[in-house]
Amino acid sequence: MLTVEHVPQSVLPWWKTTTVYQIYPRSFSDSNGDGIGDLPGILHKLDYLHALGVETIWISPFFESPQADFGYDIRDHFSIAGEYGSLDDCRRLIDAVHARGMKIVFDMVLNHTSDQHPWFLESRSSRENPKRDWYLWRDGKKPPNNWRSFLGGSGWHHDPATDQWYWASFLPFQPDLNYRNPAVKRAMLDVVRHWLGEGVDGLRLDLFNALFKDEAFTDNPFSFRPIPSEENPDGFFQRNQHTINHPDTIAFARELRAVVDEFSHPPRFLVGEVFGPSSVLQQYCGPAGEGLNLVFLFKAMRSQFSAPAFRALIHEFESSFPDPLFPTWVFGNHDRPRWMERLGNHVGKAKLLATLQLTARGVPFIYYGDEIGMQHHELPTKDALDPVARRFHWVPQWMARRLRGWGILLNRDECRPPMQWHAGPNAGFSAAGAIPWLPVHPSVSEVNVAAQQGQPHSLLSVYQRLLALRKLSPALRGGSLDLISDRELPKHVLGYRRTQEGQGGEQATVFLNFSEREVSVALGDPLGHTLHSNLHPTPQARGARYTLAAHEGIILLGRPR
Ligand code: NOJ
């Protein structure tokens, strides 16, 4: 049995104290004018990311792929899709990231391959093919059981060539691998070892909780839930008992961690895309942190913008992910509505939530463009490139908008438009005259990097200041968290303390004003304190009190007396 000792905060592993920036490679920076972002483009922007202060970049998949799901359908795990660059570009990027003292995380799609992957082509060629059992094939005049895919509808697809059905948890062209076949497990662990051997610092695990399904293919029970959510993936009137969060998947998390821990100089990490209540998600990490290092906690994306809602969320994360486990703070990704839409494009609110994201206990994941307040880009479904949107092309725009309000995005093109570097042609994403793969958002004239750089009150500068502060503050990076009782605080103010472990450890006291009104808070009196604000580069306290402006967040750093 693996045991993990309690590690003092001073020697916390790097992945617990890091900050992650997600790059959707197709949309970040296009170096060759074909309208598609690429690895050399990312390389050109590394100095920007370094100056922003993020410590780790995670890049969505750029491996060889038919791009039917823009890279989440892999045809060859060992080579790079031509439109993104070459293996040399990939190695150059890894080196350049490391040369800046940063880390790089790849996206690992373990659950399925493309239906164009040579393994699947072999597998589907005949019932006797040695690769037949690498995927899930069943007999039947109709779908072999009642299981539904993540998108609703049966996940079974009939293949007339051999008159059997194969299983796909997501889209039909993404057949699931059969992890009960030891050869599959070995092959995929080889992929993992290969990239870690190339110096990759961590892996983001796509649809990790779908890896193992019930061996007997038992029907899933009925549920009254029509629509799944992050906290409860049951939906489409089905309880996903036999398809999602199977105990064998949770056990496999430990096996995978052991493989990752073979690479210890420096240590590497795994972050899982898993859905379910916190009580289930924590099981992926294991009671002593011997499973996945981190799991995405998507609940923050849907929290109401209020002090009580975030207090409750912090409380939940703290009780479900106590030391040595560690929460994550996720406000957006390439599948969800841009968080600015939920905030009514209110930059002040974004500044406040950025403060929470970068000062609460946990690893923050920042989606590209969120640091400048890139807005959600509603696009006509009929022109969608996203295969999910194409599948749901019949859903009227008004209904898609309503679903977005519930955090469900049918047209994921809308959160993937080109990064807005400046107000010039193609937002600086692609050369003038090129046609970006998705249209640039019309807000580009105000919302862009160039306009915000060097402006002390811009959202970008707020991120920069907070990231710099976090880098210097052991309390913010790894300290424990205690919520300040709401009885001691004005209404609409959320407060917590982060404390570095050990005698005389640093303390960070954070107050966040969720209201439009000014409120005054008592600062307490830590030794040698410094005051920081998300709104003012040099905030001034009045004695032992501070008046928080609308949506202001402050951090008081010092040592407890
Ligand atoms: C989850 C990924 O985030 C999403 O973009 C992708 O389409 C599916 N998994 C299938 O791989």
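This is a predicted model, so every value here is computed, not measured.

Calculation criteria
- Residues numbered from 1 in each chain as written.
- Predicted model: local features only at pLDDT ≥ 70, side-chain atom pairs only at ≥ 80, totals over all residues.
- Heavy atoms only, no water.
- Pairing = 2+ DSSP bridges.
- Helix = DSSP H or I, 4+ residues; strand = E, 2+ residues; numbered from the N terminus.
- Contact = heavy atoms within 4.5 Å.
- Axes fitted to C-alpha atoms, helices over the stretch in contact; angles between N-to-C directions.
- Domains from an automatic or database assignment.
- Buried area = accessible area lost by both parts, 1.4 Å probe.
- Salt bridge = Lys/Arg side-chain N within 4 Å of Asp/Glu carboxyl O.
- Polar contact = N/O pair within 3.5 Å; in protein donor to acceptor, adjacent residues only side chain to side chain.
- Expected span 1.5 Å × (residues − 1).
- Buried < 20%, exposed > 50% of the residue type's maximum accessible area, 1.4 Å probe, protein only.
- Arc of directions from axis to C-beta.

Brief notes about the sheet that holds strand S1 (residues 20-23)
In step 1: Taken in spatial order, the 8 strands of this open sheet run S11-S10-S9-S5-S2-S1-S13-S12, and their pairing is parallel. Of all the strands in the sheet, just strand S11 (294-295) and strand S12 (328-330) have a single pairing partner and so form its edges.
In step 2: Bridge count for strand S2 (residues 56-59) against strand S5 (residues 103-108) is 4 bridges, and the pairing is parallel. The partner of Ile59 across the bridge, within S5, is Phe106.
In step 3: In this fold helix H6 (residues 182-197) packs onto S5 and strand S9 (202-205), with an angle of close to 160 degrees to the strand it touches most, S5.

Remarks on the domain arrangement of the protein chain
In step 1: The domain architecture assigned to the protein chain consists of domain 1 (14-113 + 181-378 + 409-452) and domain 2 (478-559).
In step 2: For domain 1 versus domain 2, the separation of C-alpha centres amounts to 30 Å.
In step 3: Taking both sides of the interface into account, the surface hidden between domain 1 and domain 2 amounts to around 1700 Å²; carbon and sulfur atoms contribute 69%.
In step 4: Among the residues of domain 1 in contact with domain 2, Arg311, Leu352 and Thr359 are the three that bury the most area, contributing 36% of the side total.
In step 5: Linking domain 1 with domain 2 are 1 salt bridge.
In step 6: The partner of Arg311 in a salt bridge is Asp486, and the shortest N-O contact between them spans 3.8 Å.
In step 7: For the interface between domain 1 and domain 2, the tally reads 7 residue pairs in polar contact (both at pLDDT 80 or more).
In step 8: Elements represented by at least two residues in the side of domain 1 that touches domain 2 include exactly helix H9 (307-320) and helix H11 (347-359).
In step 9: At 8 residues, H11 tops the list of elements feeding residues into the side of domain 1 that touches domain 2.

A look at helix H4 (residues 87-99)
In step 1: Here H4 is 13 residues long and its end C-alpha atoms lie 18 Å apart, about the 18 Å a rise of 1.5 Å per residue gives.
In step 2: The complete set of buried residues in H4 reads Asp89, Cys90, Leu93, Ile94, Ala96 and Val97. Buried residues along H4 cover an arc of 170 degrees about the axis, so they all sit on one side. In H4, the exposed positions angled more than 90 degrees off the buried face are occupied by Asp95 and Ala99.
In step 3: Turning to H4, the residues buried within the fold contact helix H2 (39-44), helix H3 (46-52), S2, strand S4 (76-80), S5 and H6.
In step 4: A positive backbone phi angle near 75 degrees is found at Gly101, which sits one or two residues after H4.

Some details on the pairing of strand S20 (residues 553-559)
In step 1: In terms of burial, S20 is a largely internal element, 6 of the 7 residues being buried.
In step 2: Two strands pair when backbone bridges link them, and strand S18 (residues 527-533) and S20 are joined in this way by 5 bridges, in the antiparallel orientation. Along S20, the bridge assignment pairs Thr530 with Leu557.

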